[in-house]
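As a plain string of letters, each chain reads:
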Amino acid sequence: MKTSALLCLLALLVASSSEAAIRYDIKNRRIQPRQTLAGALHEAALPDAQVEAVIAALEGVFDFRKSRVGDQFRLVMRDGELDFFDYRQSTVDEWQVRRDGEKYVGSKRSIEVEKQVSLVALEINTSLYEAALEAGEDPAIGLVLSDVFAWDIDFYRDVRKGDTARALVEKFVSKGRVLRYGEVLAATYEGGLVGNKKVFRYVTPDGQANYFQEDGASAKKSFLKSPLKYAHVTSGYGSRFHPVLQYVKNHNGVDYGTPIGTPVWAVADGTVVQAGNAGAAGNMVVLRHSNGFETQYMHLSGFAQGVRAGLRVSQKQVIAYSGNTGRSTGPHLHFGLKRGGQYTNPLTQKFPRADPLPKAQLPDFLAKTHELAQQLQAVSVAAVAGQAPAPAAK
Ligand SMILES: [Zn+2]
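A quick note: this is a predicted structure, and the numbers were derived from the prediction, not measured.

1. A short note on the sheet that holds strand β2 (residues 72–78)
Two strands in a sheet stick together by hydrogen bonds in their backbones, pointing the same way (parallel) or opposite ways (antiparallel).
So, step 1. Spatially, the five strands line up as an open sheet ordered β1-β2-β3-β4-β5, and their pairing is antiparallel. Since the sheet does not close on itself, it has two edges, and those belong to β1 (24–30) and β5 (103–110), each with one partner. The sheet shows a mean angle of 15 degrees between the axes of neighbouring strands, direction not considered.
So, step 2. In this structure, β2 lies alongside strand β3 (residues 81–89), joined through seven bridges in antiparallel fashion. The residue bridging Arg74 from the neighbouring strand is Asp86, located in β3.
So, step 3. Sheet contacts for helix α3 (residues 48–58): β3, β4 (93–100) and β5; angle to β5, the most-contacted strand, approximately 50 degrees.

Here it is, written out as structure tokens:
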């Protein structure tokens, strides 16, 4: 009775409620930092002999050195004994171990995935989130877009009704379903507040992929436009969660009203000077950057793993999560910027762009981006994608 074990399992799960004979117990876990798969299985209270059986079944099927933090696995226990194990890495790779009589058998399942380049066109009436849904896209497109415009657009603050965004973006598709977005090849944002922004992805001869503007200037700046990483914010955003934003001189910073747990970005490369509880400021991170700049992030709910004094962080690294700790009257992030020891308004401070494309690369860049720019303006989505867009899976 090993045919279609999973379906059988489901049937048994239903049956078991009336018969109450066989007990199933399902555990979903993730690989934790500095944890091996064997360690994680022990942690999930799998008996030693069965941990060894799983490891043995995966020998030669799974390369254990490729086990990574965050990989997901699932144990299905039947009357206290392992019946089924699966291990997921990314959306495409999955390994399974099934019980076959007295033995355990391991196998790899590859999900066939096709990469397409699609044109995504959004018009924002209420929020980026809603705009994505209206266009039949996954709200994750908001994250993808905010990432490539992070130096010029604060997607919590700068979005206005009537703004439009277009992007040529890779989609990983399986059986007509979009599993996830890949790289953005080109994107435009036309905003009532921010004006027109256009970025192109270009791989320089050293193999580095970077974003540049139409004329070859870098899309990057030494500081991000916002200390908040764009996160899925449901339809409440735009009304309830619209950031209460102000720069108040006597309290030396900007307040972003935002739901607790919103990821906080290091706005620039730097070193952690302080990470801990700081009284009225609540949980606080202070970063030191080059050219005498310092940034402060206050009222945090928690810190990202490993963030402590002395740690070097890079721009766009998530260092903490917003909260409501210390002397705070509601969930918000207080963001402060100092230059040469003096507080300065982060909203008006101008930061330099990264180096432009080397002159020698410019002709190639212009030729390639000309083509992308034309595709961006294409009227029909299907003409680029080769098929109609489908809602993405989570
Ligand atoms: Zn404040």
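There's plenty left to go through after this.
2. With respect to the environment of Phe62
So, step 1. Following the sequence through the fold, Phe62 ends up in the loop between α3 and β2.
So, step 2. Of the residues examined, Phe62 has 21 C-beta atoms within 10 Å and is grouped as buried.
So, step 3. Measuring from C-alpha to C-alpha, the distance between Phe62 and Lys108 comes to 7.6 Å, with 46 residues separating the pair along the chain.
So, step 4. Setting aside residues up to four positions removed in sequence, Phe62 forms contacts with Trp95 and Gly106.

3. Focus on the confidence of the model for the protein chain
So, step 1. Looking at the protein chain, the pLDDT average stands at 85 and 86% of residues meet or exceed 70.
So, step 2. When mean pLDDT is taken per element in the protein chain, strand β15 (residues 283–288) scores highest with 98 and helix α7 (residues 381–385) scores lowest with 43.
So, step 3. Counting interchain partners and residues more than four positions distant, the pLDDT-below-50 stretch residues 234–242 has twelve contacts.
So, step 4. When the criterion is pLDDT under 50, residues 381–394 qualifies, and its contacts beyond four places in sequence or with other chains add up to 31 contacts.

4. A look at unusual backbone geometry
So, step 1. Backbone geometry places Asp79, a non-glycine residue, at a positive phi of 50 degrees.
So, step 2. Within the secondary structure, Asp79 is located in the loop between β2 and β3.
So, step 3. The exposure class assigned to Asp79 is exposed, which follows from the 10 C-beta atoms found within 10 Å.
So, step 4. With a phi close to 60 degrees, Asn291 is a non-glycine residue in the positive phi region.
So, step 5. Checked against the element boundaries, Asn291 lands in the loop between β15 and β16 (293–300).
So, step 6. By C-beta crowding, Asn291 is classed as exposed, having 10 other C-beta atoms within 10 Å.

5. Some words on the sheet that holds strand β19 (residues 318–321)
So, step 1. If you walk across this open sheet you meet the three strands as β13-β19-β17, and the pairing is antiparallel. Both edges of this open sheet fall to β13 (263–265) and β17 (302–303), since each of them pairs with a single strand only.
So, step 2. Inspection of the sheet shows β13 paired to β19 by three bridges, in the antiparallel sense. Counterpart to Trp265 in the pairing with β19 is Val318.

6. Things to note about α3
So, step 1. The complete set of buried residues in α3 reads Ala53, Val54, Ala57 and Leu58. Projected down its long axis, α3 shows its buried positions confined to an angular sector of 125 degrees, all on one face. Relative to its buried face, α3 has exposed residues pointing more than 90 degrees away, namely Asp48 and Ala49.
So, step 2. Where α3 ends, the next residue or the one after it, Gly60, has phi of about 80 degrees, a positive value.

About the thresholds
Residues numbered from 1 in each chain as written. Predicted model: local features only at pLDDT ≥ 70, side-chain atom pairs only at ≥ 80, totals over all residues. Pairing = 2+ DSSP bridges. Helix = DSSP H or I, 4+ residues; strand = E, 2+ residues; numbered from the N terminus. Axes fitted to C-alpha atoms, helices over the stretch in contact; angles between N-to-C directions. Contact = placed C-beta atoms within 7 Å. Buried ≥ 20, exposed ≤ 12 C-beta atoms within 10 Å, placed from the backbone. pLDDT = per-residue confidence, 0-100. Arc of directions from axis to C-beta.

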